[in-house]
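The primary structure of each chain is shown beneath.
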Amino acid sequence: MATFELYRRSTIGMCLTETLDEMVQNGTLTPELAIQVLVQFDKSMTEALETQVKSKVSIKGHLHTYRFCDNVWTFILQDALFKSEELQETVGRVKIVACDSKLLSQ
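The following paragraphs examine the structure supplied in this document. Since we're looking at a predicted model, the values are computed, not measured. Along each chain, residue indices are assigned from 1 in the same order as the chain's sequence is written. Restriction of local features to residues with pLDDT of at least 70 applies here, the model being predicted, together with a cutoff of 80 or more for giving and counting side-chain atom pairs; totals for whole chains, interfaces and linings are based on all residues. Computation of side-chain values: all heavy atoms of the structure, hydrogens and water removed.

We call two strands paired when DSSP finds no fewer than two bridges between them. By the criteria applied, helices consist of DSSP H or I runs no shorter than four residues and strands consist of E runs no shorter than two, each listed in order from the N terminus. Where strand E1 (residues 58-69) meets strand E2 (residues 72-83), 10 bridges bridge the pair, whose relative direction is antiparallel. Residue pairing for E2: histidine 62 is matched across the bridge by glutamine 78. Counting the residues that bridge the hairpin from E1 to E2 gives 2 residues, and of these aspartate 70 lies at a positive phi of roughly 55 degrees. Relative to strand E3 (residues 88-99), E2 runs antiparallel, the two being bridged by 11 bridges. Bridge pairing links isoleucine 76 to lysine 95 in E3.

Structure below.
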């Protein structure tokens, strides 16, 4: 899995993929153009996270599972507490996927 593909598993990424698949099946888009749209989406998400997100959040919870494969870390936390300056929220189960940002620019 390419590191850019991490964003495609988000809700907006899955909706975009489904829509592009429908457009390719209907003949509205060529498969090549659909791939170019997905690549641009990945780059835009990376750029937006690097330049526009200013908030800091701390996360505490019980580490259920962790793995490192193909330069990608995956953590599954139970009873995770997310804390920011404004609020805090407890989540029963959360999956965090992380990779080295230097790999995203390659």
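Any Phe, Tyr or Trp ring, taking Trp's six-membered ring, that has another such ring centre within 6.5 Å forms a pair; planes under 30 degrees apart are called stacked, those over 60 apart edge-to-face, and the others tilted. In this structure the tally under the stated criterion is 3 aromatic pairs. Relative to tryptophan 73, the ring of phenylalanine 68 lies with its centre 4.7 Å away and its plane at 40 degrees, an arrangement referred to as tilted. Only protein chains enter the area calculation, which uses a 1.4 Å probe; residues under 20% of their type maximum are buried, those over 50% are exposed, and those in between are partly exposed. Phenylalanine 68 gets classed as partly exposed once you look at its relative accessible area, which sits at 46%. Put simply, the rings of Tyr66, Phe68, Trp73 and Phe75 touch in pairs and so form one group of aromatic residues.

Another aspect to go through is the sheet that holds E3. Note on sheets: strands pair through backbone hydrogen bonds, and any given pair is parallel or antiparallel. Judged by pairing direction, the sheet is antiparallel, and its 3 strands sit side by side in the order E1-E2-E3 without closing on themselves. Unpaired on one side and paired on the other, E1 and E3 mark the two borders of the sheet. Here the strands of the sheet are splayed against their neighbours by 15 degrees on average, with no regard to which way each runs. Where helices are involved, their axes are fitted lines through C-alpha atoms of the stretch in contact, as for all axes, and angles between N-to-C directions lie from 0 to 180°.

So, about helix H2 (residues 31-51). In a helix, the anticipated span is given by 1.5 Å times the number of residues less one. In a regular helix each residue adds 1.5 Å, so 21 residues correspond to 30 Å; H2 covers 30 Å between its end C-alpha atoms and thus fits that length. Those residues of H2 that fall on the buried side of the exposure criterion are Ala34, Leu38, Phe41, Asp42 and Thr46. On an axial view of H2, the arc spanned by its buried residues comes to 125 degrees, and they lie on one face. For H2, the exposed residues lying more than 90 degrees away from the buried face are Glu32, Gln36, Glu47 and Glu50. What the arc covers is the set of directions going from the helix axis to the C-beta atoms.

Attention now goes to the packing of helix H1 (residues 11-26) against H2. For the pair H1 and H2, the least separation of the axes is 10 Å and the interaxial angle reads 165 degrees. Taken together, H1 and H2 sit at an angle that is classed as roughly antiparallel. In the crossing of H1 with H2, the sense of the turn from one axis to the other is right-handed. Judged by residue contacts, Ile12, Gly13, Leu16, Thr17, Leu20 and Val24 of H1 engage Pro31, Ala34, Val37, Leu38 and Phe41 from H2. Under this grouping Gly is polar, as are all residues other than the nonpolar Ala, Val, Leu, Ile, Met, Phe, Trp, Tyr, Cys and Pro and the charged Asp, Glu, Lys and Arg. Per-class residue counts for the contact of H1 with H2 are 9 nonpolar, 2 polar and no charged. Should an angle fall under 35 degrees it is called roughly parallel, over 145 degrees roughly antiparallel, and 65 to 115 degrees roughly perpendicular, with every other angle called oblique. Crossing handedness is read from the near helix: turned anticlockwise from the far helix by less than a right angle, it gives a left-handed crossing, and turned clockwise, a right-handed one. What makes two residues a contact is simply this: any of their non-hydrogen atoms within 4.5 Å.

With glycine set apart, most residues show a phi of negative sign, and most peptide bonds adopt trans. In this structure, aspartate 70 is a non-glycine residue whose phi angle is positive, near 55 degrees. At aspartate 79, a residue that is not glycine, the phi angle is positive and equals roughly 50 degrees. Structurally, aspartate 79 is set in strand E2. Using a relative accessible area of 55% as the deciding quantity, one classes aspartate 79 as exposed.

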